[in-house]
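# Architecture and fold: a report
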Amino acid sequence: MTHVLTDIEGTTTAIAFVHRSLFPYAASALEGFLARHGEEAEVAAVLAEVPGEDKLAQLRAWMAADAKVTPLKALQGLIWREGYKAGELKGHLWPDVPGALRDWKERGLHLAIYSSGSEEAQRLLVRHSEAGDLEPLFEGFFDTRMGMKREAASYANIARAWGADPARILFLSDIAEELDAARQAGLATCQLVRPEDGTKPSGRHPEAADFLDVTTRLSA
Ligand SMILES: CSCCC(=O)C(=O)COP(=O)(O)O
Ligand SMILES: [Mg+2]
């Protein structure tokens, strides 16, 4: 294995942090953020991708459905940027994650993230993590612009963009359907089955309880 591609929610980071901190933060800040920044080019460009007249209503409907749609994920990233910079947010990483990532990097492994969260949201979470700035450890931050996470073509797109042989990429996720799609594209897979997140083993992918388990698998 030469490359490790990791999911965030349920893999590096507690599901509870995403659903009880990040998402509520964005939901409560949304209306004020649009009032302050809606005319700015960066935000207006995202809003142009939101269908219908009532952008706020559409965004709130997507939030309620946890829709993994690119314009919502982009806007959440812009809102979280304000929160991280204000010190109101800190990126959660499970205790086993920072040391393992540094170890893998020191071994010469290439590291990247693939999440439905936008590239901006990914960078912010690891830059402002509880373990400090881990952004330099990663070569890539792939999001739904590469495709949806349950589609095999997305992983082929990522391997091509990363310049990596799919068979030498290990994809880490908690979601079996994402791992299925990655396997279909020729990637190696490992399901993170973190008891703290209540993840259920799929029984069709190799499993790890944490990143220390993954290190053991990488060393095998
Ligand atoms: C980068 S932290 C925010 C994660 C996020 O917005 C999200 O929707 C997570 O979805 P995933 O498909 O990566 O579990
Ligand atoms: Mg996940």
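Residues numbered from 1 in each chain as written. Chains lettered and ligands numbered in written order. Predicted model: local features only at pLDDT ≥ 70, side-chain atom pairs only at ≥ 80, totals over all residues. Heavy atoms only, no water.

### Comments concerning the side chain of H205
Along the chain, H205 falls in the loop between β5 (188–192) and β6 (207–208). Polar contacts involving the side chain of H205 include one to the side chain of R183, which spans 3.3 Å. A polar atom in the side chain of H205 sits 2.8 Å from the side chain of T189. The contact partners of H205, leaving out residues within four places of it in the chain, are A176, L179, D180, R183, T189 and Q191. (Helix = DSSP H or I, 4+ residues; strand = E, 2+ residues; numbered from the N terminus. Polar contact = N/O pair within 3.5 Å; in protein donor to acceptor, adjacent residues only side chain to side chain. Contact = heavy atoms within 4.5 Å.)

### Considerations on the sheet that holds strand β2 (residues 110–114)
Strand order across the open sheet formed by 6 strands is β3-β2-β1-β4-β5-β6, with parallel pairing between neighbours. Bordering the open sheet on either side are β3 (140–142) and β6, each of which pairs with just one other strand. (Pairing = 2+ DSSP bridges.)

### Concerning the site of ligand 1
In the vicinity of ligand 1 lie 16 residues, with K68, K73, S115, S116 and K149 positioned nearest. The contact in question runs from an oxygen atom of ligand 1 to an N or O atom on the side chain of K68, over 2.8 Å. Contact with the protein chains removes 96% of the 410 Å² of surface that ligand 1 exposes when unbound. Given that more than half its atoms are within 2 Å of the pocket grid, ligand 1 belongs to the largest pocket. Top element by residues in the shell around ligand 1 is helix α6 (residues 119–127). It accounts for 3 residues. (Near = heavy atom within 4 Å. Areas by Shrake-Rupley, 256 points an atom, 1.4 Å probe, with all protein chains shown as cover. 1 Å grid on protein atoms, 1.4 Å probe; cavity = no way out; pocket = protein on both sides within 12 Å on 5 of 7 lines; lining within 4 Å. Sits in = over half its atoms within 2 Å of the grid points.)

### Brief notes about helix α4 (residues 70–85)
What sets the pattern is the α-helix's 3.6 residues per turn: residues three or four places apart point alike. Look at α4: 23 Å from first C-alpha to last across 16 residues, which is about the 22 Å you get at 1.5 Å a residue. By the burial criterion, the buried members of α4 are P71, L72, K73, L75, Q76, G77, L78, I79, W80, G83 and Y84. In this structure, the buried side of α4 is in contact with α1 (15–37), α2 (41–47), α3 (55–64) and α6. (Expected span 1.5 Å × (residues − 1). Buried < 20%, exposed > 50% of the residue type's maximum accessible area, 1.4 Å probe, protein only.)

### Observations regarding the packing of α1 against α3
The description of two helices packed together rests on the angle between their axes and the distance between the axes. Packing of α1 against α3 brings their axes to within 11 Å, and their N-to-C directions diverge by 165°. The orientation of α1 with respect to α3, classified from their angle, is roughly antiparallel. You can see that α1 and α3 cross each other, and the crossing is right-handed. Along its contact with α1, which presents A26, A27, L30, E31 and L34, the element α3 presents L56, L59, R60 and M63. The class makeup of the residues in the contact of α1 with α3 is 7 nonpolar, no polar and 2 charged. (Axes fitted to C-alpha atoms, helices over the stretch in contact; angles between N-to-C directions. Parallel < 35°, antiparallel > 145°, perpendicular 65-115°, else oblique. Left-handed = near helix turned anticlockwise from the far one by under 90°. Nonpolar A, V, L, I, M, F, W, Y, C, P; charged D, E, K, R; others polar.)

### A few points about the side chain of T12
Inspection of the secondary structure puts T12 in the loop between β1 (3–6) and α1. When residues no more than four places from it in sequence are discounted, the contact partners of T12 are T6, D7, H92, L93, W94, V97 and F211.

### Observations regarding the layout of surface pockets
Counted as a void, the largest pocket has a volume near 440 Å³. Here the lining of the largest pocket is composed, by residue class, of 9 nonpolar, 5 polar and 9 charged. Size it by volume and the second largest pocket reaches roughly 240 Å³. Along its surface, the second largest pocket is lined by 13 residues, and A74, S118, E119, D143 and R145 are the ones closest to its centre. (Points joined across faces, edges and corners; volume = space filled by probe spheres on them.)

### A short note on the coordination of the magnesium ion (ligand 2)
Only D7 (OD), E9 (O) and D174 (OD) from the protein coordinate the magnesium ion (ligand 2), and they sit 2.0 to 2.3 Å from it. Site description for the magnesium ion (ligand 2): donor spacing in sequence, D-x1-E-x164-D. Of this pair, D7 sits in the loop between β1 and α1 while D174 sits in the loop between β4 (169–173) and α8 (176–184), and the two are 167 residues apart along the sequence. Taken as a pair, D7 and D174 share a single burial class, namely buried. (Donors = N, O, S within 2.8 Å, 3.2 Å for Na, K, Ca; no water.)

### Description of the domain arrangement of the protein
Structurally, the protein comprises domain 1 (3–14 + 91–219) and domain 2 (17–85). Measuring from the centre of the C-alpha atoms in domain 1 to the corresponding centre in domain 2 gives 24 Å. Both sides of the domain 1 and domain 2 interface together cover about 1,200 Å² of buried area, and 66% of this is carbon and sulfur. At the boundary of domain 1 with domain 2, the tally comes to 1 salt bridge. Across the salt bridge formed by R81 and E120, the nearest N and O atoms sit 3.6 Å from each other. (Domains from an automatic or database assignment. Buried area = accessible area lost by both parts, 1.4 Å probe. Salt bridge = Lys/Arg side-chain N within 4 Å of Asp/Glu carboxyl O.)

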